[in-house]
Amino acid sequence: MYERLISVNFFKKKNKNGFIDIDVKELIEWHEPNGDGCMVSDMITREGWKVGYMFRDEPLPNKPDSGWYFYKGDEDEKYSNDPNNFHIFKLNTICNYDPDIIPYLNSPIGTHLIRNADGKFISDDGSSIHMEKQDR
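Here we summarise the structure given alongside this text. (Residues numbered from 1 in each chain as written. Predicted model: local features only at pLDDT ≥ 70, side-chain atom pairs only at ≥ 80, totals over all residues. Heavy atoms only, no water.)

Some details on the overall build of the chain
In terms of regular secondary structure, the chain is built from four helices and six strands. Counting helices and strands in the order they occur from the N terminus, the chain gives α-β-α-β-β-α-β-α-β-β. The C-alpha radius of gyration of the chain comes to 15 Å, within 12% of the 14 Å expected for a compact globule of 136 residues. Counting only C-alpha atoms, the chain reaches 50 × 35 × 30 Å along its principal axes. Taken over 136 residues, the chain has a buried fraction of 40%. Within the chain, residue pairs in contact and separated by at least 24 positions form 68% of the contacts whose partners lie at least 6 positions apart. Just so you have it, the chain exposes about 8,500 Å², and 50% of that area is on carbon and sulfur atoms. If the 17 positive side-chain charges of the chain are averaged to one point and the 24 negative ones to another, these points end up 7 Å apart. (Helix = DSSP H or I, 4+ residues; strand = E, 2+ residues; numbered from the N terminus. Rg over C-alpha atoms; globule rule 2.2 N^0.38 Å. Buried < 20%, exposed > 50% of the residue type's maximum accessible area, 1.4 Å probe, protein only. Contact = heavy atoms within 4.5 Å. Areas by Shrake-Rupley, 256 points an atom, 1.4 Å probe, with all protein chains shown as cover. Lys, Arg positive; Asp, Glu negative; His and termini not counted. Charge placed at Lys NZ, Arg CZ, Asp CG, Glu CD.)

Quick look at the sheet that holds strand β4 (residues 86-90)
With mixed pairing, the six strands of this open sheet are ordered in space as β4-β1-β3-β2-β5-β6. Only two strands of the sheet have a single neighbouring strand rather than two, namely β4 and β6 (121-123). When the angles between neighbouring strand axes are averaged without regard to direction, this sheet yields 25°. With three bridges connecting them, strand β5 (residues 112-115) and β6 associate as antiparallel partners. Directly across from L113, in β6, lies its bridge partner S123. (Pairing = 2+ DSSP bridges. Axes fitted to C-alpha atoms, helices over the stretch in contact; angles between N-to-C directions.)

Here we look at the packing of aromatic side chains
Using the criterion set out here, one finds 10 aromatic pairs in the structure. Relative to F121, the ring of Y104 has its centre 5.3 Å away and its plane inclined at 65°; by these criteria the two rings are edge-to-face. Taken together, the residues span a long stretch of sequence, with Y104 in the loop between α4 (91-97) and β5 and F121 in strand β6 at a distance of 17 residues. Cluster of aromatic residues (ring-pair linked, three or more members): Y53, F55, Y69, Y71, Y79 and F86. The residue whose ring lies beneath R46 is F19, and the NZ or CZ to ring-centre distance is 4.3 Å. For the cation-ring pair, K72 lies above W49, with the distance from its terminal atom to the ring centre recorded as 3.9 Å. (Phe/Tyr/Trp six-rings, centres within 6.5 Å; stacked < 30°, edge-to-face > 60°. Lys NZ or Arg CZ within 6 Å of the ring centre and 35° of its normal.)

A look at the pattern of salt bridges
Two side chains with opposite charge may pair up if their charged atoms get near one another. Within this structure, the stated rule accounts for nine salt bridges. Across the pair R56 and E32 runs a salt bridge whose closest N-O atoms are separated by 3.5 Å. Linking R56 in strand β2 (residues 53-56) with E32 in the loop between α1 (2-9) and β1 (37-41), this pair joins segments that are 24 residues apart in sequence. Given a relative accessible area of 6%, R56 falls into the buried group. The network of salt bridges with shared partners includes K50, D98, D100, R115 and E132. (Salt bridge = Lys/Arg side-chain N within 4 Å of Asp/Glu carboxyl O.)

Quick notes on the pairing of β1
With respect to burial, β1 is a largely interior element, four of its five residues being buried. Sheet analysis places β1 next to strand β3 (residues 65-71), joined by four bridges and oriented parallel. The residue bridging V40 from the neighbouring strand is F70, located in β3. Judged from the five bridges that link them, β1 and β4 form a sheet pairing that is antiparallel.

Written out as structure tokens, the structure is:
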């Protein structure tokens with residue numbers, strides 16, 4: 001049991017900003033006019049969870065914004081209201097943290113998706129969100 005806890009909690013190498021250090025490869029080409037920025041919960045980029053909930057809002061004008069937001073899926077109101085728990089990344093970077101999101105990125109504004117128990121994304125119908133760790 002002790003060995004397993006160590007492998008889950010201590011072997012994820014983090015960079016100087018506290019984000020999980022990943023080798024970012026070019027996985028997508030983004031051609032939306034507003035840009036490729038997205039808002040991401042630290043549960044994904046610092047804690048190592050896969051995306052469990054994602055939605056696309058209207059991009060902010062005059063910002064490099066895709067409109068995408070990515071969450072683990074159980075962030076409560078207190079966590080979500082703290083801007084220190086979220087950071088802006090390029091979509092391609094988040095695809096490297098969790099490539100499962102790639103097929104859904106061209107979904108229209110207003111899309112809300114959750115990960116189901118099969119690991120697939122479905123329209124948010126109020127079902128339970130399946131949460132799992134990244135494969136690192």
